[in-house]
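Results of the structural survey
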Amino acid sequence: MKFYKTDWFLKISSLVIAIILWFYVVYQENPVYSTWITNVPVAMHNVSADFESGKLVLMNGNNETVDIKINGRRRLISTVTDRAANNVYVDMKNVTEPGTYNLPINANFGIDGVEVLQIKPDKCTVVVSRVVTEEREITVKTKNDVQEGFAAGNISISPVSVKLTGPENLIDTVAECSITVDLAGVVEDIRGSYKIKFYDAKGSEITDTSITKNIEYADVYCPVYAAIQVPVVPTLSSGKNASGKDVTAVCVPAEITVKGRHESLEGIKQVATEVIDVSNVEVKTETQVDLDLPEGEFFTDIKSVKVTLTVAE
């Protein structure tokens, strides 16, 4: 049996003829049809010079993409994708002030015979903010405690402020510029540079790179002192009042923490109050009295105590 008389020959011949007809229709006849091109980037045209100078900034809208349905001859449509990048755009000529703009998206491929049927989405929301610079105070936060028997002194920082530059609406969300110093187990003075971080009103860190600062770090010094507990002793002008009745005194708090260098704390066994005149005390009396701190390189967070004077019956 000859091959051209078999079913296989007829099937192969039909396939070849179909392919030839398809190529003829597609490339010779060049039919009209519709198709979608997807994820086409949207360009910004006629952008104000204030954006280039840094006075205004786009908060969103500059990375939008759209899907476009087009109609035209097959050979023409095949050239559209290469030309789509800058021919799908939003006209920014009226965007000259901070605010929110809902602008139409345009598509013009410049190809006769190619028609734009649909753009999805057909509008772009553009949010524009003014760029501002503000100076904010740097605060210092601490976490954990120094080793037992020691106490941290007042922390100093340099510089004391930082300048923030960025979109106004983002700068307004910055509630705190601070650094954090970890005191866990510390027994010596702390010196170092610490990174400045931003936080919103809820305490969440702001990491948006749209906000820049003139400095990244601040220098911190935190003295660490030895700390001892000593009793507070009331100092009375006399043990009796003018009527000859005994007067006793009790201090609240009865003990205080004294901080200083080790050598400065040597010999400190107690802290006395200033002299309390009891001559006219006839009934139980409460009064606030300053402490009479001896000279030396030490200090206490409490400068006065409450003294209760009691007159014996």
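In this report, we go over the structure that sits alongside the text.

What counts, and where the lines are drawn
- Residue numbers run consecutively from 1 along every chain, following the written order of its sequence.
- Thresholds applied to this predicted model are a pLDDT of at least 70 for local features of residues and 80 or more for the giving and counting of side-chain atom pairs; totals over whole chains, interfaces and linings are not thresholded and use all residues.
- Working from all heavy atoms in the structure, the side-chain values ignore hydrogens and water.
- Working definition: helices are DSSP H or I runs of at least four residues, strands are E runs of at least two. Numbering for both runs from the N terminus.
- At least two bridges found by DSSP between two strands are what make those strands a pair.
- Angles run from 0 to 180 degrees between N-to-C directions of axes, and those axes are lines fitted to C-alpha atoms, restricted for helices to the stretch in contact.
- Site definitions follow a grid-based scheme: protein atoms alone, a 1 Å grid, a 1.4 Å probe that fits but cannot get out for cavities, and for pockets an open set with protein on both sides within 12 Å along at least five of seven lines, plus lining residues having an atom within 4 Å of a point.
- Grid points are joined across faces, edges and corners, and a volume is the space filled by probe spheres set on the points.
- Polar here means any residue other than Ala, Val, Leu, Ile, Met, Phe, Trp, Tyr, Cys and Pro, which are nonpolar, and Asp, Glu, Lys and Arg, which are charged; Gly is therefore polar.
- Burial here depends on accessible area, computed with a 1.4 Å probe over protein chains only, as a share of the maximum for the residue type. Under 20% is buried, over 50% is exposed, and the range in between is partly exposed.
- By definition, residues are in contact when any of their heavy atoms lie within 4.5 Å.

1. Notes on the environment of Asn-94
Within the secondary structure layout, Asn-94 lies in the loop between strand S5 (88–91) and strand S6 (99–107). Separated by 47 residues in sequence, Asn-94 and Val-47 place their C-alpha atoms 8.8 Å apart.

2. Thoughts on the sheet that holds strand S17 (residues 217–222)
Sheet architecture is open: 3 strands sit in the order S10-S17-S13, paired in antiparallel fashion. The two strands at the open ends of the sheet, each matched to only one other strand, are strand S10 (156–158) and strand S13 (190–195). Going from strand to strand, the sheet's axes swing by 25 degrees on average, the running direction of each strand aside. Where S13 lies against S17, 6 bridges are found, and the strand directions are antiparallel. Within S17, the position partnered with Lys-195 by the bridge is Tyr-217.

3. Focus on the layout of surface pockets
Taken as a whole, the largest pocket holds about 160 Å³ of empty space. Of all the secondary-structure elements, those providing two or more residues to the lining of the largest pocket are strand S14 (197–199), strand S15 (205–206) and strand S16 (212–213). Class assignment for the residues of the lining of the largest pocket results in 4 nonpolar, 2 polar and 6 charged.

4. Some words on the pairing of strand S4 (residues 65–73)
Relative to S4, strand S1 (residues 32–41) runs antiparallel, the two sharing 8 bridges. Looking at S4, one finds that Val-32 is bridged to Arg-73. Bridging between S4 and strand S7 (residues 115–120) involves 5 bridges; their strand directions are antiparallel. Residue pairing for S7: Asp-67 is matched across the bridge by Lys-120.

5. Brief notes about the sheet that holds S1
Sheets are built from strands that pair by backbone hydrogen bonding, the pairs being arranged parallel or antiparallel. Within the open sheet, the 3 strands sit side by side as S1-S4-S7. Their pairing is antiparallel. Taken across any chain shown, the strands that pair with only one partner, and hence form the sheet edges, are S1 and S7. Across this sheet, the average inter-strand angle for adjacent strands is 20 degrees, counted without regard to direction.

6. As for the environment of Leu-309
For Leu-309, the position within the fold is in strand S24 (residues 304–311). What makes Leu-309 buried here is its relative accessible area of 2%. The spatial distance from the C-alpha of Leu-309 to the C-alpha of Thr-287 is 8.1 Å, given a sequence separation of 22 residues.

7. A few points about the environment of Leu-164
Looking at the secondary structure, you find Leu-164 in strand S11 (residues 161–167). Since its relative accessible area comes to 0%, Leu-164 is described here as buried. Between the alpha carbons of Leu-164 and Glu-135 there is a distance of 6.2 Å; along the sequence they are 29 residues apart. Among all residues touching Leu-164, those that are not within four sequence positions of it are Val-132, Thr-133, Glu-134, Arg-136, Ile-171, Val-174, Cys-177, Phe-198, Ile-211, Thr-212 and Lys-213.

8. A look at unusual backbone geometry
For the peptide bond that leads from Ser-158 to Pro-159, omega is -5 degrees, which places it in the cis range. Val-252 connects to Pro-253 through a cis peptide bond whose omega is 0 degrees. Structurally, Pro-253 is set in the loop between strand S19 (247–252) and strand S20 (255–260). Phi is positive for Asn-39, which is not a glycine, with a value near 55 degrees. Looking at the secondary structure, you find Asn-39 in strand S1.

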